[in-house]
Amino acid sequence: MSDIKFEIIDLFAGVGGIRMGFERNGFKCVFSSEWDTFSQKTYSTNFGEMPNGDITNIDAKSIPNHDILTAGFPCQPFSTIGKREGFQHKTQGTLFFDIVRILKEKNPKGFLLENVAGLKNHDKGKTFDLIIDTLRNELGYWVDSKVLDSADFNVPQHRKRIYIVGFKKDSTNSINFNWPEKSDSKIGIGQFIETHNQGYNISKHLQKSYIFKKDDGRPQIVDKDSDFQIKTLVSTYHKIQRLTGTFVRDGETGLRLLSENECKATMGFPKNFVFPVSRTQMYRQMGNSVAVPVIEAISYQMKQTLLTFQREKNLRLIGI
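Computed from a predicted model, the values in this text were never measured in an experiment.

Across all of its chains, the model carries 14 aromatic pairs by this definition. Considering the side-chain rings of Trp142 and Phe167, the 6.3 Å spacing of their centres and the 35° angle between planes classify their relative orientation as tilted. Of this pair, Trp142 sits in strand 5 (residues 141-149) while Phe167 is found in strand 6 (residues 160-168), placing the two residues 25 residues apart along the sequence. A relative accessible area of 0% places Phe167 in the buried class.

Printed below as a string of structure tokens:
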């Protein structure tokens with residue numbers, strides 16, 4: 001039973017963080033979609049296949065059958081809420097609509113959606129309510145959601161994201177999904193800090209005129225002795241923002257940006273993951289990605305639910 005190879009599709013795939021988390025639990029990816037050409041290049045380099053392009057231009061019928069739809073979809077305003085009838089109209093013009101049309105066409109056993117934690121409060125909660133209502137009442141899925149912090153899953157970064165899990169409701173299925181438990185230990189960034197004399201330095205001038213212009217404890221500075229999790233890595237990290245950034249006490253100027261390997265560690269990516277793009281694109285891609293160990297933990301629990309479905313189906317077939 002545990003050897004069953006469940007299949008996923010990877011929408012809004014980025015560089016494949018969600019796929020990686022599922023593959024660690026034996027899932028097979030049968031379709032991927034990502035519109036950004038730089039992310040496509042990184043995805044292709046690491047997974048050996050080029051993602052399909054803009055999902056809005058892809059016919060749902062052409063997508064292979066699958067067990068789980070996954071998507072780290074962008075948050076957009078649903079400006080037509082309350083103005084039109086029918087869920088297709090309510091979500092038209094948003095990327096969530098494309099998730100809806102694919103779920104409706106392919107009818108997979110389940111899905112995992114990921115977004116920023118602020119989605120719950122977006123447009124005074126209307127966006128989130130419409131998403132959940134559509135998934136439950138229009139598409140017939142059992143749905144649950146939870147905000148998880150990557151720092152609770154052995155990642156040296158605080159990264160709160162909302163995860164929405166759904167399974168197709170069936171009179172013959174027992175839906176018993178459990179969210180993963182938090183780790184008892186916390187992983188600090190210090191053990192992942194490298195030594196770089198060149199390549200990531202922040203100039204002395206910028207430090208004096210901007211980074212340390214105020215004595216307010218900003219930004220967050222780390223070194224090899226830092227036994228704590230850093231702030232959330234954002235896609236604009238390369239712009240060196242003193243209020244939100246985390247920088248390393250190292251290098252020929254005494255302060256530098258996180259290195260590529262340090263970024264990988266904060267997101268739970270392996271060291272051998274390759275970025276065939278510029279450093280700026282690497283920072284953007286890491287800042288837009290998911291923390292892989294969180295996805296790995298969720299996908300393990302989703303697999304247990306799917307295995308339960310399969311056991312119940314087998315028992316029905318033999319008349320028990």
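Ranked by size, the top nonpolar core spans 56 residues in total, and within it Phe22, Phe247, Ile298 and Met302 carry the most contacts. Looking at this core, the elements with two or more residues in it are helix 1 (17-23), helix 2 (37-47), strand 6, strand 7 (220-222), strand 8 (246-248), helix 7 (260-267), helix 8 (279-288) and helix 9 (292-317). The greatest single-element share of this core, amounting to nine residues, is contributed by helix 9. Dropping the residues within four chain positions of it, Met302 is found in contact with Phe22, Ile68, Phe111, Leu112, Val165, Phe167 and Phe177.

Quick look at unusual backbone geometry now. For the bond running from Arg218 to Pro219, omega is -15°, close enough to zero to count as cis. Along the chain, Pro219 turns up in the loop between helix 6 (204-211) and strand 7. Of note, the phi angle at Asn107 is positive, near 50°, even though the residue is not glycine. Its location among the elements puts Asn107 in the loop between helix 4 (95-106) and strand 4 (110-116). The partly exposed category is assigned to Asn107, whose relative accessible area is 42%. Not every positive phi belongs to a glycine, and Asn154 is a case in point at roughly 60°.

The next point concerns the packing of helix 4 against helix 5 (residues 126-138). Contact geometry for helix 4 and helix 5: axes closest at 11 Å, N-to-C directions at 5°. Classified by the interaxial angle, the pair formed by helix 4 and helix 5 is roughly parallel. Across the interface between the two elements, Phe96, Val100 and Leu103 of helix 4 pack against Ile131, Thr134 and Leu135 of helix 5. Here the residues of the contact of helix 4 with helix 5 are counted per class, giving five nonpolar, one polar and no charged.

Another point: the packing of helix 7 against helix 8. Put simply, helix 7 and helix 8 touch, their axes get as near as 10 Å, and they point 10° apart. One element, helix 7, and the other, helix 8, form an angle in the roughly parallel class. Contacts from Glu260, Cys263, Lys264 and Met267 in helix 7 reach Met282, Tyr283 and Met286 in helix 8. For the contact of helix 7 with helix 8, the per-class residue count stands at five nonpolar, no polar and two charged.

Another aspect to go through is helix 8. If you check which residues of helix 8 are buried, you get Gln281, Met282, Tyr283, Gln285, Met286 and Gly287. Check the buried side of helix 8 and you find it contacts helix 2 and helix 7.

Scoring rules and cut-offs
Residues numbered from 1 in each chain as written. Predicted model: local features only at pLDDT ≥ 70, side-chain atom pairs only at ≥ 80, totals over all residues. Heavy atoms only, no water. Phe/Tyr/Trp six-rings, centres within 6.5 Å; stacked < 30°, edge-to-face > 60°. Helix = DSSP H or I, 4+ residues; strand = E, 2+ residues; numbered from the N terminus. Buried < 20%, exposed > 50% of the residue type's maximum accessible area, 1.4 Å probe, protein only. Core = buried A, V, L, I, M, F, W, Y, C linked by side-chain atoms within 4.5 Å. Contact = heavy atoms within 4.5 Å. Axes fitted to C-alpha atoms, helices over the stretch in contact; angles between N-to-C directions. Parallel < 35°, antiparallel > 145°, perpendicular 65-115°, else oblique. Nonpolar A, V, L, I, M, F, W, Y, C, P; charged D, E, K, R; others polar.

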